[in-house]
Amino acid sequence: MDGGPSQFLGPDPAAFETLISHLMSTSNEQRSQAESIFNLLRQTDPNSLVLKLAQLLSSSVHVEARAMAAILLRKQLTRDDSFIWPQLTEPTRAAVKNTLLSSLQNEESKSTIRKLCDTISELASSLIPENLWPEMLPFMFQCVTSNSAKLQESAFVMFSQLAQFIGETLSPYITDLHNVFLNVLNNSPNSDVKIAALSAVINFIQCLSSSTERDRFQDLLPSMMRTLTEALNSGQEAIAQEALELLIELAGTEPRFLRRQIVDVVGSMLQIAEAENLEEGTRHLAIEFVITLAEARERAPGMMRKLPQFISRLFAILMNMLFDVEDDPAWYTCETKDEDAGETSNYSIGQECLDRLAIALGGNTIVPVASEQLPACFAASEWQKHHAALIALAQIAEGCSKIMIKNLEQVVAMVLNSFQHPHPRVRWAAINAIGQLSTDLGPDLQVQYHLRVLPALASAMDDYSNPRVQAHAASAVLNFSENCTPEILAPYLDGIVHKLLFLLQNTKQMVQEGALTALASVADSSQEQFQKYYDRVMPYLKAILINASDKSNRMLRAKAMECISLVGMAVGKDKFRDDAKQVMEVLMSLQGSQLESDDPTTSYMLQAWARLCKCLGQDFLPYMSVVMPPLLQSAQLKPDVTITSADSDDEIDESDDESMETITLGDKRIGIKTSVLEEKATACNMLCCYADELKEGFYPWIDQVAPTLVPLLKFYFHEEVRRAAVSAMPDLLRSAKLAVEKGMAQGRNETYVKQLSDYIVPALVEALHKEPDTEICVSMLDSLNECLQISGQLLDESQVKSIVDELKRVITASSSRKRERAERTKAEDFDAEEGELLKEENEQEEEVFDQVGEILGTMVKTFKASFLPFFDELSPFLMPMWGKDKTPEERRISICIFDDVAEQCRETALKYYDTYLPFLLEACTDENPDVRQASVYGLGVCAEFGGAVFKPLVGEALSRLNMVIRQPNAMQPENAMAYDNAVSALGKICLFHRDSIDSAQVLPAWLNCLPIKSDLIEAKVVHDQLCSMVERSDTELLGPNNQYLPKVVSIFAEVLCAGNDLTTKQTASRMINLLRQLQQTLPPSVLASTFSALQPQQQLALQSILSS
């Protein structure tokens, strides 16, 4: 291929065709040479290149060359970096459009036609919306109505691909389209054309914006379903499966389109699922359709719950699939790789679908069906049925947890009885169920049934003839103890630890691994109670760590690391210190050796190091130089991603690699290697751990870690990575700030903290702007708040402005999510269960607003009055939250925001009293105690700082506070905080507005409420105020002839007896001085009668305090 690039564009087509064939060459050198020539032509003469491709497409005799020309044209006409259209002249554009359409009419090769359709659609999607290809729609209509099956199919394929771009353009032709679709679905003899038409209809329905327009296509549904049933009846299962996949897409995106005919549609699908003569793949797709409908909660809430007869049938179908398990001898070998020996694809799909069905429909719907069908399976003589019932219980537990917790006795009894079953696989399934139930129904299960469950698991560990059962019993101990308090575990520890040590010496690696993870979990859950086993356990663990060096033992060694580090954390630094050094030496030598990329040691080691750091604290610093380089390397891993077009045939090959996960984003399908992501997430979590634990000691690494983690705030491939990056932000800032304050920052000063803050805070705000997940939004707001508390005054005005703007957006977005949910409640089938789920989703919005409130509180505390212009900007977003239609939590947060403003900005906040105080007074008698607490606290603040502005409201404030204090259940635990804050507010009115009240009545009433004991912060303030008033000999407080003095003495006595809870040390010593003065000045008889009124233990305590 010598000579200049222009030779390929000459009149002889052969040279260009050779160039194109070289692009498909298997020789790397030939291919890359051809690629550089092709790219050069693109840059220097795009018009000729595109015309040459078009010529090749229309006239080459080689089918591969025509197909390649179609693919290359599509690449040039895709709207991305290589989009060439804008550079082409008008004649070239016209020629390309004409050639594409004429080639489609003349092409005979099916796969080239498909590629041509892709190319035409790609270009049309850019041009039709701008009305730049007027011939295209008439051409498609002409093809659809022609009598060539090839053209009909092509036109429908392009309709499908273009629906989202041209839906609006087609609105005027809805009636024509409807008739075309109906005609083809009912009358075309060609199944490929029908499937293409089905795809076009479904894509078209999805792009119609109004339900009225969608409903005009309702009457196509029977014909759409007939495409499926005809294909099945004529034995064309491949066609039927294509139809099912399209209908599944419809069920997921437009479930309500199916609603009027739901009984027929779901009935047909269940019939397919029950038909034993059909291929498994077909039956599985029919099940997938019904499950997808059940899961379409947002679009059709409650619709499937209205069909109990179908749910019962579906459950039976899934149970039948679980029966399909074989007694494969490989299962008994106890090799990890044979874990699912004997499990068929029916079995695994049945398992997955039960889980999804229960989560989608909830316990009220599923538990009655399970209660009806499972007893027969438990009673059956075939082990497979008994096994299936146990697997089913484990699978539905997550979705049915609330209802199953109410029937725990039945559930636990069924499972524990199966521990005695003669068949080992049934015993394994019973243990498996206990493990799963411990996770999904904990901690209720642990609290109520530890007496029965732990002994059952302990005896299952003795099943020496079935090591797989033993290993699984150890794993279930892990699940049980994860949700368990040390008190529950304590009585069983001797027996469990003894058995697990025994299993550690088993010859089967799977049993050893199970025992290691169980030991780790038991240590983690029992904490310091594990100390007494330490000396027995640690030698075994160290032996495994040192000796399991063979490739086949890698997992065993990794689990030993995990176990050692968790045991170390449980027993604490002093007990673990000597062994820790030895363990670190082993880890360091492993770290230095070249581990293979799939070695589990890496990830376990990252976590073990971090736990050792948590255990040893600052003593860990010398090891950081060993730990950090590989950790940073893992955190910086690039995701291993392959991107294809969502509708392309070259599916990402998932079959050979279980660690690939695919997600569809817009029109791209993205395949990601999950093992890389998991290692990255682990590493980011560990970085967080070190920064949090080592504080200023982490300083030397900040300059490398910050640029690694900050960009990961927007790492959308993996939530865990984002979460870790988010929670690390305040840790990094705190570490820098402490290092500067303690002079450990190599001479750097506050400027460095400001630079870091200027890097982190805006990045967090920007990430928050783009974050799709509400839960992570909450974490981001929380982290932002912590960062603001650390950076404080270092923020400049533009940063504050951007934060405030983002908070407005957060509040607006949250409100619109709530509005969308409120819309859902209007759906035809909305029911109580949906209502429950909505409530849970809305609770997340309360967390969002709670964090917004926290951030505003921090800003007000930091910037005081200079923040008020921003507060004014936010007011329109905050005021609606005071409304009666808002939840108590939302009202409480809005009141707290005002409380903060009034308290921090004092006289500059007086201008808000007119607006906010009426709300505050009204909220004092809200039925929610938390709202009452925030309101009465606010009244106290306004009484203290409101001066003349508050004066006219004193009477109203007193009567509101009186209502809170005198409420019959005021002292009940849930009301106690509101009560204490009302008493505190009353005290402030006595202090700051004495001239506006009837002191003779109000002061004794206040004294009568003391001491307060629930809100320990307010208690200290109030008791200090009382102390000052007595020191001043406040006559109105002490009453005529000091008649209230005995009450004061008893309050002091009670406060002093409570240690440091109800008062500060300074106030306590002032109280003691006052009591000593009273001893000197009061007549002994008065003193004696005052003391005798106290409780005996208070008298003793006072005597010892006063005499010491």
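Residues numbered from 1 in each chain as written. Predicted model: local features only at pLDDT ≥ 70, side-chain atom pairs only at ≥ 80, totals over all residues. Heavy atoms only, no water.

**Considering the overall build of the protein chain**
Helix and strand counts for the protein chain come out as 53 helices and three strands. By its C-alpha atoms, the protein chain is 125 × 75 × 65 Å across when sized along the principal axes. Looking at the protein chain residue by residue over its 1108 residues, the buried ones come to 55%. Accessible surface, the protein chain: about 47500 Å² in total, of which carbon and sulfur atoms supply 51%. (Helix = DSSP H or I, 4+ residues; strand = E, 2+ residues; numbered from the N terminus. Buried < 20%, exposed > 50% of the residue type's maximum accessible area, 1.4 Å probe, protein only. Areas by Shrake-Rupley, 256 points an atom, 1.4 Å probe, with all protein chains shown as cover.)

**Focus on the nonpolar core**
Counting 405 residues, the largest nonpolar core has Phe 156, Phe 620, Tyr 690, Phe 698 and Trp 1006 as the members making the most contacts within it. Excluding anything up to four places from it in sequence, Phe 698 contacts Met 624, Met 628, Leu 687, Tyr 690, Ala 691, Val 705, Leu 732 and Ser 735. (Core = buried A, V, L, I, M, F, W, Y, C linked by side-chain atoms within 4.5 Å. Contact = heavy atoms within 4.5 Å.)

**Let's talk about the packing of aromatic side chains**
For the coordinates displayed, the defined rule picks out 24 aromatic pairs. Relative to Phe 204, the ring of Phe 181 lies with its centre 6.4 Å away and its plane at 55 degrees, an arrangement referred to as tilted. Of this pair, Phe 181 sits in helix α9 (residues 174-187) while Phe 204 is found in helix α10 (residues 191-207), placing the two residues 23 residues apart along the sequence. In terms of burial, Phe 181 and Phe 204 fall into one category: buried. Taking the centre distance of 5.1 Å and the plane angle of 85 degrees together, the rings of Trp 331 and Tyr 332 count as edge-to-face. On the basis of relative accessible area, Trp 331 is assigned to the buried category, the value being 2%. Aromatic ring contacts, followed pair by pair, group Phe 141, Phe 156, Phe 159, Tyr 173, Phe 181, Phe 204 and Phe 217 into a single cluster. (Phe/Tyr/Trp six-rings, centres within 6.5 Å; stacked < 30°, edge-to-face > 60°.)

**A closer look at helix α27 (residues 509-526)**
Its 18 residues give α27 an end-to-end C-alpha distance of 26 Å, which sits within 8% of 26 Å, the value for a rise of 1.5 Å per residue. Most of α27 sits inside the fold, with 16 of its 18 residues counted as buried. Looking one or two residues past α27, Gln 527 carries a phi angle of roughly 50 degrees, positive in sign. (Expected span 1.5 Å × (residues − 1).)

**Digging into the packing of helix α1 (residues 13-23) against helix α4 (residues 63-76)**
Interaxial distance between α1 and α4 falls to 10 Å at its minimum, and their mutual angle equals 80 degrees. The angle between α1 and α4 places the two elements in the roughly perpendicular class. Residues Glu 17, Ile 20 and Leu 23 of α1 lie in contact with α4, whose contacting residues are Ala 65, Met 68 and Leu 72. (Axes fitted to C-alpha atoms, helices over the stretch in contact; angles between N-to-C directions. Parallel < 35°, antiparallel > 145°, perpendicular 65-115°, else oblique.)

**Regarding the state of the cysteines**
For the structure on display, the rule yields zero disulfides. Here Cys 684 stays unpaired: no disulfide links it, and the sulfur of Cys 688, its closest cysteine neighbor, is 8.5 Å away. (Disulfide = S-S within 2.5 Å.)

**Looking at unusual backbone geometry**
Cis geometry marks the peptide bond from Gly 442 to Pro 443; its omega dihedral reads -5 degrees. On the secondary structure map, Pro 443 appears in the loop between α22 (424-440) and α23 (444-460). Pro 1011 follows Leu 1010 through a cis peptide bond whose omega is -5 degrees. Within the secondary structure, Pro 1011 sits in the loop between α47 (999-1008) and α48 (1016-1031). Positive phi values are uncommon outside glycine, yet Lys 864 reaches one of about 50 degrees. Topologically, Lys 864 is positioned in the loop between α39 (832-863) and α40 (868-878). Although it is not a glycine, Asn 1041 sits at a positive phi angle of roughly 55 degrees.

**Thoughts on α39**
For α39, built from 32 residues, the straight-helix expectation of 46 Å at 1.5 Å per residue is met to within 8% by its first-to-last C-alpha distance of 46 Å. One or two positions beyond α39, positive phi appears at Lys 864, with a value near 50 degrees.

**Quick notes on the environment of Ser 757**
Inspection of the secondary structure puts Ser 757 in helix α36 (residues 750-770). Residue Ser 757 is classed as buried on the basis of its relative accessible area of 0%. It is 9.3 Å that separates the C-alpha atoms of Ser 757 and Met 729, two residues lying 28 residues apart in sequence. In this structure Ser 757 touches Leu 733, Pro 762, Ser 791 and Leu 795, once residues within four positions along its chain are discounted.

**Thoughts on the side chain of Glu 890**
Counting through the fold element by element, Glu 890 comes out in helix α41 (residues 888-905). A polar contact of 2.3 Å, which involves the side chain of Glu 890, links it to the side chain of Lys 818. (Polar contact = N/O pair within 3.5 Å; in protein donor to acceptor, adjacent residues only side chain to side chain.)

**Section: the packing of helix α16 (residues 308-322) against helix α19 (residues 383-396)**
When two helices pack together, their arrangement is given by the angle between the helix axes and the distance between those axes. Look at α16 against α19: their axes get within 9 Å of each other, and the N-to-C directions meet at 125 degrees. Looking at the two axes, α16 sits oblique to α19. Relative to α19, α16 is oriented so that their crossing is right-handed. Residues Phe 315, Met 319 and Leu 322 of α16 lie in contact with α19, whose contacting residues are Ala 388, Ala 389, Ile 391, Ala 392 and Ile 396. Within the contact of α16 with α19, the residues separate by chemical class into eight nonpolar, no polar and no charged. (Left-handed = near helix turned anticlockwise from the far one by under 90°. Nonpolar A, V, L, I, M, F, W, Y, C, P; charged D, E, K, R; others polar.)

**Here's the deal with the pattern of salt bridges**
Counted according to the given criterion, the structure contains 65 salt bridges. Between Arg 260 and Asp 215 there is a salt bridge, with its nearest N and O atoms 3.3 Å apart. With Arg 260 in the loop between α13 (237-253) and α14 (262-274) and Asp 215 in helix α11 (residues 211-215), this pair connects stretches of sequence that are 45 residues apart. Classification of Arg 260 as exposed rests on a relative accessible area of 60%. (Salt bridge = Lys/Arg side-chain N within 4 Å of Asp/Glu carboxyl O.)

**With respect to the side chain of His 718**
Inspection of the secondary structure puts His 718 in the loop between α34 (702-709) and α35 (719-741). Classification of His 718 as buried rests on a relative accessible area of 18%. Leave out the neighbours within four places in its chain, and His 718 touches Leu 677, Glu 678 and Ala 681.

**Thoughts on the confidence of the model for the protein chain**
Caution is warranted with low-pLDDT regions, since their predicted coordinates should not be read in detail. Model confidence for the protein chain is summarised by a mean pLDDT of 89, while 97% of its residues fall at 70 or above. Across residues 649-656 the pLDDT falls below 50, and counting only partners more than four positions away or on other chains, this stretch makes 12 contacts in the model. (pLDDT = per-residue confidence, 0-100.)

**A few points about the environment of Leu 357**
Positionally, Leu 357 belongs in helix α17 (residues 345-361). Leaving out residues up to four positions away in the same chain, Leu 357 has contacts with Ile 291, Ala 294, Leu 314, Leu 318, Gly 362 and Ile 366.

**Some remarks on the environment of Glu 889**
Topologically, Glu 889 is positioned in helix α41. Once the C-alpha coordinates of Glu 889 and Leu 41 are considered, the two residues, 848 residues apart in sequence, prove to be 65 Å apart. Excluding anything up to four places from it in sequence, Glu 889 contacts Glu 846 and Asp 850.

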